[in-house]
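Structural features, examined
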Amino acid sequence: MKRVTLITAILAVIVALESWGMAWLKGYSEELYGALNTLSAEAENSPDNALRQLETLEARWKEKRRVLGLYVHEAAMNEFEMDLAEARVRLERDDEEAAILLRVAAEAAAAIWERERPTLPNIL
């Protein structure tokens, strides 16, 4: 009986940690999506200010990337990072397409959650 209790407790801890991780990932993905959409609007009005905000966002991303690696496939993170890097380069050049690329990066951030969400198509 002790074994069953121990196994049940271990499974409960695993499910709780996974649930917390998925909730955190969803929240962070939504936060990135909102921040990048705001940056996109800012890029149209003030590219220099948008560039500073993007650099701050990239620094926060680098801090969180290690934790995200536990939940997210490397390809999704690399795609998002490439979108951010291209948007940064466009902002540095005062290119009008920077706002569009920031929206693309926002969609990539939203796709991170969609790809990792525990749904039947994602599991199969």
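Higher on the page you've got the structure.
Reference entry: report on the structure contained in this document.

Reading guide: rules and limits
- Numbering of residues begins from 1 in every chain and follows the order in which that chain's sequence is written.
- Local features are withheld for residues below a pLDDT of 70 in this predicted model, meaning they are given only at 70 or higher, and side-chain atom pairs are given and counted only at 80 or more; totals for whole chains, interfaces and linings count all residues.
- The basis for every side-chain value is the complete set of heavy atoms in the structure, and neither hydrogens nor water enter the calculation.
- The numbering of helices and of strands both runs from the N terminus, where a helix is a DSSP run of H or I of at least 4 residues and a strand a run of E of at least 2.
- C-alpha atoms define the radius of gyration, and 2.2 Å times the number of residues to the power 0.38 defines the globule rule.
- The rule is simple: take the accessible area with a 1.4 Å probe, protein chains only, and divide by the maximum for that residue type; under 20% is buried, over 50% is exposed, in between is partly exposed.
- One less than the residue count of a helix, multiplied by 1.5 Å, gives the span that helix is expected to have.
- Two residues qualify as a contact provided that any one of their heavy atoms is within 4.5 Å of a heavy atom in the partner residue.
- Residues grouped as a nonpolar core are buried Ala, Val, Leu, Ile, Met, Phe, Trp, Tyr and Cys residues, joined through side-chain atoms within 4.5 Å.
- The working definition used for a salt bridge is a side-chain nitrogen of Lys or Arg within 4 Å of a carboxyl oxygen of Asp or Glu.

Description of the overall build of the protein chain
A tally of helices and strands in the protein chain yields five helices and zero strands. Reading the protein chain from its N end, one meets helices and strands in the order α-α-α-α-α. Its C-alpha atoms give the protein chain a radius of gyration of 18 Å, more than 25% over the compact-globule value 14 Å for 124 residues. Taken along the three principal axes of its C-alpha coordinates, the protein chain extends 70 × 25 × 20 Å. Buried residues in the protein chain amount to 31% of all 124 residues.

With respect to helix H1 (residues 2-45)
Over its 44 residues, H1 runs 65 Å from end to end, which matches the ideal 64 Å to within 8%, given 1.5 Å per residue. Among the residues making up H1, those that are buried are Gly-21, Met-22, Leu-25, Tyr-28, Ser-29, Leu-32, Leu-36, Leu-39, Ser-40 and Ala-43. Looking at the packing, one finds that the buried side of H1 touches helix H2 (47-68), helix H3 (74-92) and helix H4 (98-116).

A short note on the side chain of Ser-29
In this fold, Ser-29 is placed in helix H1. Setting aside chain neighbours within four positions, we find Ser-29 in contact with Ala-109, Ala-110 and Trp-113.

Focus on the nonpolar core
Ranked by internal contacts, the top residues of the largest apolar core, which has 31 residues, are Leu-36, Leu-54 and Phe-80. Put simply, the parts of the chain that give this core at least two residues each are H1, H2, H3 and H4. Sort the elements by how many residues they give to this core and H4 lands first, with 10 residues. Contacts of Leu-36, omitting those with residues within four sequence positions, involve Leu-54, Leu-57, Phe-80, Leu-84, Leu-102, Ala-105, Ala-106 and Ala-109.

Thoughts on the pattern of salt bridges
This model, assessed by the stated rule, comprises 11 salt bridges. Between Arg-103 and Glu-44 there is a salt bridge, and its shortest N-O distance comes to 2.8 Å. Separated by 59 residues along the polypeptide, Arg-103 in helix H4 and Glu-44 in helix H1 bring together distant segments of the chain. For Arg-103, a relative accessible area of 37% corresponds to the partly exposed category. In this structure Glu-44 comes out as exposed when scored by relative accessible area, which is 52%. Across the pair Glu-114 and Arg-117 runs a salt bridge, and its minimum N-O distance is 3.4 Å. On the basis of relative accessible area, Glu-114 is assigned to the partly exposed category, the value being 41%. Among the charged side chains, a salt-bridge network with shared partners connects Glu-86, Arg-90, Asp-95 and Glu-97.

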